[in-house]
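Letter by letter, the chains look like this.
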Amino acid sequence: MYPLTDEALARDGKVLILAMDHGLEHGPTDFEAVPETLDPETVFEAATHDAVTAMAVQKGVAETYYPSYEDDVNLLAKLNGTSNLWMGEPYSPQNWSVEYAAEIGADAVGYTVYPGSNREPEMFEEFRDAQESARDHDLPVVMWSYARGQGLKNDTKDEVIAYASRIGLELGADVAKVKYPGSKEGMEWAVDAAGDTKVVMSGGSKVDDYQFLESVEAVIDAGGAGLAVGRNVWQRENPERILDALEKVIFEEQSAEDALSEVES
Amino acid sequence: MYPLTDEALARDGKVLILAMDHGLEHGPTDFEAVPETLDPETVFEAATHDAVTAMAVQKGVAETYYPSYEDDVNLLAKLNGTSNLWMGEPYSPQNWSVEYAAEIGADAVGYTVYPGSNREPEMFEEFRDAQESARDHDLPVVMWSYARGQGLKNDTKDEVIAYASRIGLELGADVAKVKYPGSKEGMEWAVDAAGDTKVVMSGGSKVDDYQFLESVEAVIDAGGAGLAVGRNVWQRENPERILDALEKVIFEEQSAEDALSEVES
Amino acid sequence: MYPLTDEALARDGKVLILAMDHGLEHGPTDFEAVPETLDPETVFEAATHDAVTAMAVQKGVAETYYPSYEDDVNLLAKLNGTSNLWMGEPYSPQNWSVEYAAEIGADAVGYTVYPGSNREPEMFEEFRDAQESARDHDLPVVMWSYARGQGLKNDTKDEVIAYASRIGLELGADVAKVKYPGSKEGMEWAVDAAGDTKVVMSGGSKVDDYQFLESVEAVIDAGGAGLAVGRNVWQRENPERILDALEKVIFEEQSAEDALSEVES
Amino acid sequence: MYPLTDEALARDGKVLILAMDHGLEHGPTDFEAVPETLDPETVFEAATHDAVTAMAVQKGVAETYYPSYEDDVNLLAKLNGTSNLWMGEPYSPQNWSVEYAAEIGADAVGYTVYPGSNREPEMFEEFRDAQESARDHDLPVVMWSYARGQGLKNDTKDEVIAYASRIGLELGADVAKVKYPGSKEGMEWAVDAAGDTKVVMSGGSKVDDYQFLESVEAVIDAGGAGLAVGRNVWQRENPERILDALEKVIFEEQSAEDALSEVES
Amino acid sequence: MYPLTDEALARDGKVLILAMDHGLEHGPTDFEAVPETLDPETVFEAATHDAVTAMAVQKGVAETYYPSYEDDVNLLAKLNGTSNLWMGEPYSPQNWSVEYAAEIGADAVGYTVYPGSNREPEMFEEFRDAQESARDHDLPVVMWSYARGQGLKNDTKDEVIAYASRIGLELGADVAKVKYPGSKEGMEWAVDAAGDTKVVMSGGSKVDDYQFLESVEAVIDAGGAGLAVGRNVWQRENPERILDALEKVIFEEQSAEDALSEVES
């Protein structure tokens, strides 16, 4: 971790990444609830909200839409990804080189690894190259660290989440994005295990407002840096409202309850 | 997608690619119906029709025949391909480097990916290199995006076609070539899912004039950019006549019926 | 295909390649019938015959023996090959780089591909690099194109041979070497399918003089460019006599019968 | 082995490596006994003890914490490693390039190989590149050499340990880290087999003070260079005390008993 | 084969390679009969005997011990090798680059290939790179050519040994090291099959003096260039005596009987 590489992703040490790589990872059915989100512009518009510290997209979306938003949005280049049509042992091929991400104006890079997969070794090796290349370009690195594959029965056990965040530290990520272990205590272990690497919670599939904000509150209480969120923002009819609430929970350290009642008033 | 890279493949934003990589993909039996098409010159002659915005061939055919047509035909270098003698999980090896395609005078490059195949990850990685190298040479990129392999039962379901076109956008194609989902509605989803990436229908095996033009009409109505066609042109006794009709449907936005009656008159 | 690259392999557009890679492909038992052919010099001597337009050998044989024959023999560097001790799915590793072949003075390069093998994709990719590197060195390329592997029951069916020669054209070979399909008609299809790529018959295992020359005559009648032959020359007690006859059939377009009676007189 | 490359790791020819790559190799549960060791600073503090000749960590830990300790601690860059979530045949992917380790200020590099694994060949090849690159940067090389995988029933048999240390010599390691074979005689064979390559014992899981120091005494008596230790230091409540004792056994060649009674007094 | 590259390995066209890669290939148990041979110096001392034209060792042994012997011993850098703990299909990973071997002062390089193994193709490809790189550094190449793997029942049949030596010629080795086929006639075939590539017998496991020298005599009578020997020299109590005898058989072309009685007198 380089102290200097943090600014592109964070504000006051806190992080709110808006992610929209679901078109690749899940396919267009993910956008059916709110059909206009099929258009990346809709989501880029949401990313101009002050609360959002960076937006994560795949190469083609960045090439096509980022030029109109480069003054208002920090680009987190999501370098790898795969479709869910494919059913092999968890693995995520690299679709975007760091060099080309830098050329397009990326402010940071993101990379998925699946510790526990049969293909963990390749992913570690590919992460190595991406991470070291990012260092050459002074780009901070976010690791999507999800234990998955083979013998892993429960990938949200506390010790598995803590292991995932620790792997972020060990392999040289500046930010580790992990699943929510289900409790503040679990998150505390994950945060401590990551040392000076920041930990953010992965937003996951859409849940109701209070449940969602409460988990974010627990992350902040546990010392986490924030959130990387997709569907829980843009699958809502009014993404701005939830972003307002997230801003209060993450950056102003309000409770979920207070934040919700403020945005409802 | 780069706005600038579009001109080589399109006219007024519309696309009609004449493809003749069937000698590699299907073998010479594909040319038996109209034996003179075994000779690439016959098909290059057809490609001089005003309606055709680019012709797609493999490296050896380009090396040998393109020099005589470079003033009249735009070359779409089809970079990968395989024979149908081979029966492994869907995959398409790269037979032509972007560098050498550029050297020969290609105006654009084409690349097949099979989302859903066991070998999807490799194809994504190889597409990455081809796409980024094409950017270096200012060549637009057409992705042949066909969901195929493993557990895919019906690769023309609407959501699978929309996923295929979306992958074109996500991975950085300028044009996505997908199978016709069977209806205008299905095509609309595919077109919307691709955002600013243009979508063209894959011509498929030969059908009768009206049925063929009707599907092209639906593509245009759905907002698609046009067609990439092979057998439905050069397996016809009179390719010029069907190209005349396609010109009317694609570029003049006539109905299939009107176009047919005009060329019949 | 580049018009310029043809001269090294052909005379008046006809081709007679004398091949001696059997020490690698078949092992030394192939030389037992005429023991002195175990010594590469014996075969290089035969290659000085006027009828022979190039001699095909592996790297080590070229390094060791070609320096004494470089004024009298055109070197066709056979870049890949494997032993028959190995029993995997058909594949042929590259034993010689194009760069080093050029350095040694090769006039052309040769490469085996097995369309239909499980490993077809790798072979196509490796052929790509060899072919493009050969273009950089202005060396013509001969493809040994043999459909083989997996589900291929009869690799000398007309359509399979025509497919094999077409693959030569599609992938950028200047000459395609294919098995004899058993008839002039079969060979015509193969020649037509290859377009401007020249087609030569693969000599195969030793047969009697008339039967052998008759198949060569059929190749020439079918528009083929000639022959790549090994055992049918150097497994004969008097290779010069059969080369005399081949010269008449290939370059003077005599019938097998006439050619035989002339060399017998 | 280069005589010059030894100083970074050794004092008076003796070696005491403090290793903390357990966060990657074993996960955060390894730190539960002494929770503050989850924080790498705690272990770096321990590494400032005079007895420690180098500290071994993964890339991310070095990037983040080493800058504060570079004056007081020699950095042994542990280049490869894997998680224990993964259950394939023993293999250890490279997570850190030698070039980047050198850039960060590494004084030496470490690399795990598992002779006997199905993936032994790849590991040997990857070790080759790491070792030769380390030579280019004048960095000594420590091989973690653990026979493991497939048919290996008992990987601490004397001949297996001696084989492991010999592989260190044969492949070009300056120091071979091997498991303790259980006796001084076993260790003598391992030391002799390694020739001029230094041999250090791998600390293993935590045992009681006397048992641990006694095995270190046996290593020194057998001519070994010392120890690479992790849990047996930082899983103790008072790491300084055991480091005091290790200093006496390794550098002053005291008996385990004397060393213990001195530190207890 | 380049005539110039022969001098480093041969004297008067004869070759006696002393090999000591057994520490890697067989493990330290190979040295138990004569324990001091565990120390590479003992074997390097033996290699200073006038009869020895080169000594073959792995990288680490060369780095550590060769500097003291570079004036008296020619270094044959054995580039690949594997442990016998590993039980996969025969394969030998490359542990030493040609570039680094040259830097250390190697006079020649050696490489094992296993024709007939499932992994024959990779080994041929890797041999290609090593051989061509050796040409760039003007280093002669010795191929350890052992048919092995899969369906090979008897790898010392005459035709298999002759095939192995022929592969040395075909792929560009200057010297082929093959197993003794059991008779002078078998060896003659191997020598003839290799053309101008020199053939040396592989020493194999230790046998009695007369039996050993008799096989060497047969090799020389068959036109072979000599011997590559390990255990049959350094597993003897008095290696100098057997080297004296070998010098007589190989360089003075004495019979085994005469040589033995001379050294006994």
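You'll find chain A entered in an unreviewed UniProt entry as fructose-bisphosphate aldolase, with Natronoarchaeum mannanilyticum given as the organism. In its Sequence similarities (unreviewed entry) section, UniProt records this for chain A: "Belongs to the DeoC/FbaB aldolase family."

Superposing chain A onto chain D takes a rotation of 72° plus a shift of 0.0 Å along the axis, which leaves an RMSD of 0.0 Å. Both copies are brought into coincidence by an operation consistent with a five-fold rotation axis. The rotation axis passes nearest to the C-alpha of E122 of chain A in chain A, at a distance of 11 Å.

This brings us to the packing of helix α10 (residues 239-250) of chain B against helix α11 (residues 256-264) of chain B. Angle between the axes and distance between the axes: these two values describe a pair of packed helices. Residue and element names in this part refer to chain B. Contact pair α10 / α11: the axes reach a minimum separation of 9 Å and the direction vectors enclose 140°. Taken as axis vectors, α10 and α11 run oblique relative to one another. The crossing of α10 and α11 is right-handed. Across the interface between the two elements, R241, D244, A245, K248 and V249 from α10 touch A256, A259, L260, E262, V263 and E264 from α11.

Attention now goes to the packing of aromatic side chains. Taken as a whole and judged by the stated rule, the model has 20 aromatic pairs over all chains. A centroid spacing of 6.0 Å and a plane angle of 75° characterise the contact between Y111 of chain A and F127 of chain A, whose relative ring orientation is edge-to-face. Of this pair, Y111 of chain A sits in strand β4 (residues 108-113) while F127 of chain A sits in helix α5 (residues 120-136), placing them 16 residues apart in sequence. By relative accessible area, Y111 of chain A is classed as buried at 1%. A residue is classified by how much of its surface remains accessible, and F127 of chain A, at 1% relative accessible area, is buried. The rings of F44, Y66 and Y69 of chain A are connected pair by pair, giving a single aromatic cluster. Directly above the aromatic system of Y146 of chain A lies the positively charged group of K179 of chain A, at a separation of 4.4 Å from the ring centroid. It is R119 of chain E that lies over the ring of Y91 of chain E; its NZ or CZ is 3.7 Å from the centre.

Looking now at the interface of chain A and chain D. Of the residues lining the interface, 32 residues belong to chain A; the matching set on chain D comes to 38 residues. Both sides together, the interface formed by chain A and chain D hides about 2,800 Å², and carbon and sulfur atoms give 57% of it. The largest share of the area that chain A buries against chain D comes from Y163, R166 and E170 of chain A, three residues that together contribute 25% of it. Between chain A and chain D we count two salt bridges in total. Within the residue set of the side of chain A that touches chain D, elements represented by two or more residues are α5, α6 (158-171) and α7 (184-193) of chain A. Split into classes, the residues belonging to the side of chain A that touches chain D amount to 14 nonpolar, eight polar and ten charged.

What counts and how
Residues numbered from 1 in each chain as written. Chains lettered and ligands numbered in written order. Predicted model: local features only at pLDDT ≥ 70, side-chain atom pairs only at ≥ 80, totals over all residues. Heavy atoms only, no water. UniProt positions renumbered as here; feature names shortened; annotations may be inferred. Least-squares fit on C-alpha atoms with pLDDT ≥ 70 in both. Axes fitted to C-alpha atoms, helices over the stretch in contact; angles between N-to-C directions. Helix = DSSP H or I, 4+ residues; strand = E, 2+ residues; numbered from the N terminus. Parallel < 35°, antiparallel > 145°, perpendicular 65-115°, else oblique. Left-handed = near helix turned anticlockwise from the far one by under 90°. Contact = heavy atoms within 4.5 Å. Phe/Tyr/Trp six-rings, centres within 6.5 Å; stacked < 30°, edge-to-face > 60°. Buried < 20%, exposed > 50% of the residue type's maximum accessible area, 1.4 Å probe, protein only. Lys NZ or Arg CZ within 6 Å of the ring centre and 35° of its normal. Buried area = accessible area lost by both parts, 1.4 Å probe. Salt bridge = Lys/Arg side-chain N within 4 Å of Asp/Glu carboxyl O. Nonpolar A, V, L, I, M, F, W, Y, C, P; charged D, E, K, R; others polar.

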